[in-house]
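Residue strings, one per chain:
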Amino acid sequence: MDDHHDLFPPRGLHGVDHRIVSALRACGADPRVAGAARALSWAGEHGAVWVAAGLAGAVVDRPRRGAWLRGTVLTAGAHAASSLVKRVVRRPRPAHLEPLVGTVGRHSFPSSHATSAAAAAVAFGALGARAVPPLAAGVCVSRLVAGVHYPSDVAAGAALGALTARLGARWMKGGAA
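### Re the overall build of the chain
Argument step 1. A count of helices and strands for the chain gives 9 helices and 0 strands.
Argument step 2. In the chain, the order of α-helices and β-strands from amino to carboxyl end is α-α-α-α-α-α-α-α-α.
Argument step 3. Each of the three principal axes of the chain carries a C-alpha extent, and together these read 60 × 35 × 25 Å.
Argument step 4. The 177 residues of the chain split such that 43% are buried.
Argument step 5. Pairs at least 24 residues apart make up 78% of the contacts formed inside the chain by residues separated by at least 6 positions.
Argument step 6. Approximately 9,000 Å² of the chain is accessible, and the part contributed by carbon and sulfur atoms is 67%.
Argument step 7. Mean positive and mean negative side-chain charge positions of the chain (20 and 9 charges, respectively) differ by 15 Å.

### Focus on unusual backbone geometry
Argument step 1. Note the cis peptide between Phe109 and Pro110, where omega equals -5°.
Argument step 2. Here Pro110 is to be found in the loop between α5 (65-89) and α6 (112-125).
Argument step 3. Look at His46: it is not a glycine, yet its phi comes out positive at around 55°.
Argument step 4. Looking at where His46 falls in the secondary structure, it is placed in the loop between α3 (31-44) and α4 (48-60).
Argument step 5. The class for His46 is exposed, based on a relative accessible area of 52%.
Argument step 6. The residue Arg90 is not glycine, and still its phi comes out positive at about 60°.
Argument step 7. Tracing the backbone through its elements, the reader meets Arg90 in the loop between α5 and α6.

### A few points about the nonpolar core
Argument step 1. Grouped together as the largest cluster of nonpolar side chains are 26 residues, with contacts concentrated most on Trp50, Trp68, Ala117, Phe124, Leu127 and Val132.
Argument step 2. Elements supplying a minimum of two residues to this core: α4, α5, α6, α7 (132-145) and α8 (151-167).
Argument step 3. Setting aside chain neighbours within four positions, we find Leu127 in contact with Arg64, Ala67, Trp68 and Met172.
Argument step 4. Listed in part, the 7 residues of the second largest apolar core include Ala34, Ala37, Val101 and Val145.

### Section: the pattern of salt bridges
Argument step 1. Counted under the stated rule, the structure contains 4 salt bridges.
Argument step 2. Here Arg32 makes a salt bridge to Asp30, at a shortest N to O gap of 2.9 Å.
Argument step 3. Via salt bridges that share partners, Asp17, Arg91 and Asp153 belong to a single interconnected network.

### So, the confidence of the model for the chain
Argument step 1. On average, residues of the chain score 87 in pLDDT, and 90% of them are at 70 or above.
Argument step 2. At the level of individual helices and strands, the chain shows its lowest average pLDDT in helix α1 (residues 4-7), which scores 49, and its highest in α6, which scores 95.
Argument step 3. Confidence drops under pLDDT 50 across residues 1-5; counting only partners more than four residues distant or on other chains, this segment forms 9 contacts.

Definitions and limits used
Residues numbered from 1 in each chain as written. Predicted model: local features only at pLDDT ≥ 70, side-chain atom pairs only at ≥ 80, totals over all residues. Heavy atoms only, no water. Helix = DSSP H or I, 4+ residues; strand = E, 2+ residues; numbered from the N terminus. Buried < 20%, exposed > 50% of the residue type's maximum accessible area, 1.4 Å probe, protein only. Contact = heavy atoms within 4.5 Å. Areas by Shrake-Rupley, 256 points an atom, 1.4 Å probe, with all protein chains shown as cover. Lys, Arg positive; Asp, Glu negative; His and termini not counted. Charge placed at Lys NZ, Arg CZ, Asp CG, Glu CD. Core = buried A, V, L, I, M, F, W, Y, C linked by side-chain atoms within 4.5 Å. Salt bridge = Lys/Arg side-chain N within 4 Å of Asp/Glu carboxyl O. pLDDT = per-residue confidence, 0-100.

This is the structure:
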């Protein structure tokens, strides 16, 4: 933990980010909330839950198999795009909190979990998968409760994912890109 943050709290947007993530991380003191945050974070790692959902959709919904597979590609592509942005921006993760989960990397902007979750919510939601948007929201919130992202990381990731899926919507449904 970085005690410097307690003596000189950040101001502006970073200060708001700092206060919100601190408040949500405090919710993780409840073992049930911590367990849910860990499970959702684990499921969202590398977009795994969304790839699995897309492949399951392709198996179950044979008439729209191509759309499910293209939606899965869009979701994975959004995740890859967020990883590239993360390497450019290089924003460190919150240092003032004890995280509930381990992370693959040390950079936090944008949240790749939020990017793939929002892409899946838009892509698979368009195919009628009603359970995906609330699960995606849970994955996004889990990153805050886990203390590994600032709210602006999650918001930027969600915006990137939703935009990626929206831009690819016509291609996903079988039209030209």
